[in-house]
Amino acid sequence: MSSSQTPTIDRNLRDELAARVESGDPVVSEADLAEAVRPGSRLSGRALLELIECQFQARHLDLAARRLKRAGTGFYTIGSAGHEGNAAVAAALRPDDPAFLHYRSGGFFAARARQLEGQTPIFDVLLSLCAAADDPISGGRHKVFGSRAMWILPQTSTIASHLPKAMGMAFAIDRGGVLGLPMPVPSDAIVVCSLGDASINHSTSVGAINAALWALRRGWPMPILFVCEDNGIGISVQTPEGWVREAWGSRPGLSYFEADGLDLVETFEVTLQAANVCRSQRVPALLRLDLERLLGHAGNDIELSYRTSEEIKATEARDPLRRSCEIAIDSGVASAAFLLRCYEEIGQRVEAAEREAASRPHLRSVSEIVEPLAPLSVDAVAAESSRGDYRDEREAMFFVDHSPGESRAAVGRSLPEQRGPERLGRLINWGLRDLLAKYPEMLAFGEDVGRRGGVYGITDELQAAAGDQRVFDTLLDEQSILGMALGAGQLGMLPVPEIQYLAYLHNAIDQIRGEAATLQFFSKGQFRNPMVVRIASWGYQRGFGGHFHNDNAIAALRDIPGVIVACPSRGDDAVGMLRTCMALARVDGRVVLFLEPIALYLVRDLYDSGDGLWMTKFPAPGGRTAAAPFSKARVYEPGGVGLDGSERHDRSPPTSTCDLLIVSWGNGLWRSLRAARRLERDNDLRVRVVDLRWLQPLDLETLITQSRRAGSVLVVDEGRRTGGLSEAVVTAIVEGLSPHDDPDDPGEGRGAPNLARVCAEDSFVTLGPSWEQLLPSEDRIVERALQLVRHRYAAAPARA
């Protein structure tokens, strides 16, 4: 409802209590407070009054939000009015039951705060409403309900996108116990996750609840309580009467409960029942609370535009605070005078705290704002990525004995670094096995990851080596796969989920954009969800695919603040980068997307058939070359560009100039190296090639340094011309070599060199041989390079 109507429910409550005072109040004794409110109830009179105080707090905070908004000192008005009965849900649970709450959870937040000493829920919420820099959960970055001490994980979701990660945490609690991992919550904890009757229809909600039931059917414990706070309306759209019950009330495997959310006593009792089922049986349950929405959707919502005044008055008559006071008075627990005095005193406390919160400073600089977004402990990550003190664990992982017929690729009795050069796909497999030995908290999962070993065999035999509790198959739902990773990461595990193809990630990108990437940002680093997401990526698959299996679009990934995007092209890089990615996740809680070029999985040769130059040896852990430095490109010098030392015969030192610099990554690197050889051999050009490897953040230092030393720069981008990475690369070079650079730089490049791109066309990749017309080819790279170099020489002034 609009702000002009804000005082209505406040006045109604005061008038009703005042009328009760005039009609005579009961006398309440301490003995009365110790008794159950109703026969058979487990809620005492004293506990009921505590819950009513929590409801009063939530209501006054909603009124304060609107006052702050009118004064220009508050910035959020979606409130909890009408939903304050969720305070009883908090009271029926334990403070170490992790909670994923939607935005109408003021009562829950206040009630959980009462369960722990030293909490200041009123001031905390007001600081959040004012976007104050000393807001204890988000530091002024968003209004969220959250607290590390209270195990309330901050959510900014408005469409229930927090459900998959709540499901993932419920899965991880018991899985961690099976694996003997130290867990930050008790082994019998349950997860509570609240949502509205409108958002329960969202595909994310449906998928998460379905995934919980699928997991239960597989025999996996899933102790999660979904709380649907049903107020009958989603902004302006009515929910059909009985819809939630019809949709979910008889779902096999889902324990279903209902309660009158306006009745604190009933809500408390039914929540206890539901929580007991979840806790004792380790199964999912759904609790539907019948509630009302007061004050409209938010402060700027004009309810009269879609509701009649009679409907609004009928809703206001069902105010849960009036109902709670009625229960307390009629049961002899409190007098109307006491309740009115309590309501007014809490209002005065809120107003005093409101003035203080409004005076607190906001975030004032970019560095303050982004400080928790992308933490990087350079030295600690480097040390962790190269750490090799797990030889016994490695031998146990690699020397697995298999029964005859069980193994498709027996690993033998040698460690991988003791074997010869291998292809990219095989080295990724060995790298994952090596990391499973290093990190007992690592989980690898996804569709087909377990028994089949992945669509391309990359996870082959990992389940046999590490066990099906650590390497396992999931249902076909990318949202749930990523949600499982989010929840597990929040409990201290190191999840490595697999998404079968890059195109499939877009089905679930908000689990990365809206959930994974935001958690550290909106909790000032108090919560984190480390993960390394492996994605079979890119194009060039001959005889297979179409656009869903040859996707070359990564613009949506690079647009997510704080996320790391890594892309190896050769086997030793893949192993070294995986080690660094896992260190980034473990040390700094980072979210990493690891793009594996499918078309290079099985490639052996670089220049000529049988040369074996695209196969590399496995880098041993613990050595200088064990890990790939974070965000550092690899540079291939001019002259016989090979991959191992015996093949390499550089003609010039790395600081020398060259005719052409080719910048690429992924499949483009392999084609660029072949093109460079042709350009050197047939055209007597000096060509240097840079493999970016890390696509976000970019290695700007190497890009600028090498561009200064090149006459021309060609960017080879398998991505599309519009939205591809090459746009960022070219921009970085132009900005880095702008006129403000030192004109006395010893390099040859003053200002930006000749620049050009070879990109994929702005089209989806087609099925059949026609795709070759769309993606950069070796011939196109050579042709464009020659045009670029010739143009430079043609434009150069004559020398005296």
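Conventions and cut-offs
- Residues numbered from 1 in each chain as written.
- Predicted model: local features only at pLDDT ≥ 70, side-chain atom pairs only at ≥ 80, totals over all residues.
- Heavy atoms only, no water.
- Helix = DSSP H or I, 4+ residues; strand = E, 2+ residues; numbered from the N terminus.
- Rg over C-alpha atoms; globule rule 2.2 N^0.38 Å.
- Contact = heavy atoms within 4.5 Å.
- Areas by Shrake-Rupley, 256 points an atom, 1.4 Å probe, with all protein chains shown as cover.
- pLDDT = per-residue confidence, 0-100.
- Pairing = 2+ DSSP bridges.
- Axes fitted to C-alpha atoms, helices over the stretch in contact; angles between N-to-C directions.
- Parallel < 35°, antiparallel > 145°, perpendicular 65-115°, else oblique.
- Left-handed = near helix turned anticlockwise from the far one by under 90°.
- Buried < 20%, exposed > 50% of the residue type's maximum accessible area, 1.4 Å probe, protein only.
- Arc of directions from axis to C-beta.
- Patch = residues over 30% accessible without salt bridge, like charges linked within 9 Å, V, L, I, M, F, W, Y side chains within 5 Å.
- Salt bridge = Lys/Arg side-chain N within 4 Å of Asp/Glu carboxyl O.
- Nonpolar A, V, L, I, M, F, W, Y, C, P; charged D, E, K, R; others polar.
- Phe/Tyr/Trp six-rings, centres within 6.5 Å; stacked < 30°, edge-to-face > 60°.
- Lys NZ or Arg CZ within 6 Å of the ring centre and 35° of its normal.

## Let's talk about the overall build of the chain
For the chain, the count of helices and strands is 28 helices and 20 strands. Here the C-alpha radius of gyration of the chain, 31 Å, is about what a compact globule of 800 residues would show, namely 28 Å. Residue pairs at least 24 apart in sequence account for 79% of intrachain contacts in the chain once pairs closer than 6 positions are excluded. As displayed, the chain has an accessible area near 30,200 Å², and 50% of this comes from carbon and sulfur atoms.

## Side note on the confidence of the model for the chain
Averaged over the chain, the pLDDT score is 91; the fraction of residues at 70 or greater is 92%. Within the model, pLDDT remains below 50 along residues 641–651, and this stretch shows 28 contacts once partners closer than five positions in the same chain are excluded. Contacts for the low-pLDDT stretch residues 746–750, under 50 throughout, to residues beyond four places or in other chains number six contacts.

## Describing the sheet that holds strand S11 (residues 494–499)
Across the sheet, seven strands lie side by side as S10-S9-S11-S12-S14-S13-S18; this open sheet has mixed pairing. Two strands bound the open sheet, and with one partner strand each, they are strand S10 (471–473) and strand S18 (694–696). Within this sheet the neighbouring strands show an average axis-to-axis angle of 20°, counted without direction. Packed onto the sheet, helix H24 (residues 571–588) meets strand S9 (442–446), S11, strand S12 (531–537), strand S13 (564–566), strand S14 (591–597) and S18 and runs at close to 165° relative to S14.

## Quick look at the packing of helix H7 (residues 163–178) against helix H19 (residues 478–490)
At a minimum axis distance of 6 Å, the contact between H7 and H19 shows a crossing angle of 55°. Viewed along their axes, H7 and H19 adopt a mutual orientation that is oblique. Helix-helix and strand crossings are classified by hand; for H7 and H19 the assignment is right-handed. Note on element contacts: H19 touches H7 through Gln479, Ser480, Gly483, Met484, Leu486, Gly487, Ala488 and Gln490, opposite Pro164, Lys165, Met167, Gly168, Met169, Phe171 and Ala172.

## Structural notes on helix H11 (residues 309–317)
Among all positions in H11, only Ile312, Thr315 and Glu316 are buried. Looking straight down H11, one finds its buried side chains confined to an arc of 100°; they lie on one side. For H11, the exposed residues set more than 90 degrees away from the buried face come down to Glu310, Lys313 and Ala317. Elements in contact with the buried residues of H11: helix H1 (7–22) and helix H12 (320–330).

## Some remarks on the side chain of Ser712
When you line up the elements, Ser712 lands in strand S19 (residues 710–720). By relative accessible area, which is 0% here, Ser712 ends up buried. Contact partners of Ser712, with chain neighbours within four places excluded, come to Asp659, Leu660, Leu661, Pro753, Asn754, Leu788, Val789 and Arg792.

## Here we look at helix H5 (residues 106–114)
When you tally the buried positions in H5, you get eight out of nine residues, the bulk of the element. Along H5, the positions that sit buried rather than exposed are Gly106, Gly107, Phe108, Phe109, Ala110, Ala111, Arg112 and Ala113. On its buried side, H5 packs onto helix H3 (45–71), helix H4 (86–92), strand S1 (99–100), helix H6 (121–129), strand S2 (152–153) and strand S3 (191–196).

## Describing a nonpolar patch on the surface
A surface patch of nonpolar side chains, amounting to about 240 Å² of accessible area, comprises Val366, Ile369 and Val370. The class for Ile369 is partly exposed, based on a relative accessible area of 34%.

## Looking at the sheet that holds strand S15 (residues 634–636)
In spatial order, the strands read S15-S17-S16-S19-S20; together these five strands make up an open sheet with mixed pairing. For this open sheet the edge positions go to S15 and strand S20 (754–760), each flanked by a neighbour on one side alone. For this sheet, the mean angle separating the axes of adjacent strands, direction not counted, is 20°. Sitting on the sheet, helix H26 (residues 700–708) is in contact with S15, strand S16 (658–664), strand S17 (687–691) and S19, with an inclination near 140° to S19. This element, helix H27 (residues 725–736), spans S16, S19 and S20 of the sheet and lies at about 170° to S20.

## Observations concerning the environment of Ser367
You can see Ser367 is positioned in helix H14 (residues 366–370). The exposed category is assigned to Ser367, whose relative accessible area is 52%.

## What about the pattern of salt bridges?
All chains considered together, the criterion is met by 54 salt bridges. With a closest N to O distance of 3.1 Å, Glu395 and Arg391 form a salt bridge. With Glu395 and Arg391 both in helix H16 (residues 391–398) and four residues apart, this pair spans about one turn of that helix. When salt bridges that share partners are traced, they join Glu384, Arg387, Asp389, Glu441 and Arg586 into one network.

## Some remarks on unusual backbone geometry
Put simply, Gln696 and Pro697 share a cis peptide bond, and its omega is -5°. With phi around 55°, Ala131 is a residue other than glycine that occupies positive phi space. Mapped onto the secondary structure, Ala131 falls in the loop between H6 and S2. Not every positive phi belongs to a glycine, and Leu295 is a case in point at roughly 70°. Along the chain, Leu295 falls in the loop between strand S8 (285–290) and H11. The exposure class of Leu295 is buried, given its relative accessible area of 6%.

## Let's talk about the pairing of S9
Burial runs high along S9: five of the five residues are buried. Neither face of S9 is exposed, since Met442, Ala444 and Gly446 on one face and Leu443 and Phe445 on the opposite face are all buried. Pairing between S9 and S11: four bridges, direction parallel. Bridge pairing links Phe445 to Pro497 in S11. Where S9 lies against S10, three bridges are found, and the strand directions are parallel.

## Things to note about the packing of H7 against helix H8 (residues 203–217)
Where H7 meets H8, the closest approach of the two axes is 8 Å, and the angle between their N-to-C directions is 15°. In terms of orientation, H7 lies roughly parallel with respect to H8. Both H7 and H8 take part in a crossing whose hand is right-handed. Contacts from Leu163, Pro164 and Met167 of H7 reach H8 at Thr204, Ser205, Ala208, Ile209, Ala211 and Ala212. Among the residues forming the contact of H7 with H8, the class breakdown is seven nonpolar, two polar and no charged.

## Section: the packing of aromatic side chains
A full pass over the atoms with the stated rule returns 14 aromatic pairs. On the numbers, 5.1 Å between centres and 10° between planes, the contact of Phe445 with Phe472 is stacked. Highlighted residues: Phe445 in strand S9 and Phe472 in strand S10, separated in sequence by 27 residues. Assigned by exposure class, Phe445 and Phe472 land together as buried. Both rings, one in Tyr456 and one in Tyr601, keep their centres 5.6 Å apart while their planes meet at 50°; by these two values the pair is tilted. Taken together, the residues span a long stretch of sequence, with Tyr456 in the loop between S9 and helix H18 (462–466) and Tyr601 in the loop between S14 and S15 at a distance of 145 residues. Exposure remark for Tyr456: the relative accessible area of 28% places this residue in the partly exposed category. Pairwise contacts between aromatic rings join Phe171, Trp214, Trp220, Phe445 and Phe472 into one cluster. A cation over a ring is seen here: Lys143 above Phe145, with NZ or CZ 3.4 Å from the ring centre. One Lys or Arg, Arg175, reaches over the ring of Trp220 and ends 5.1 Å from the middle of that ring.

## A few points about the environment of Asn429
Its location among the elements puts Asn429 in helix H17 (residues 424–438). Considering only alpha carbons, one finds Asn429 and Val575, 146 residues apart in sequence, at a separation of 9.0 Å. Each residue touching Asn429, except ones within four places of it in the same chain, is listed here: Gly457, Ile458, Thr459, Asp460 and Leu462.

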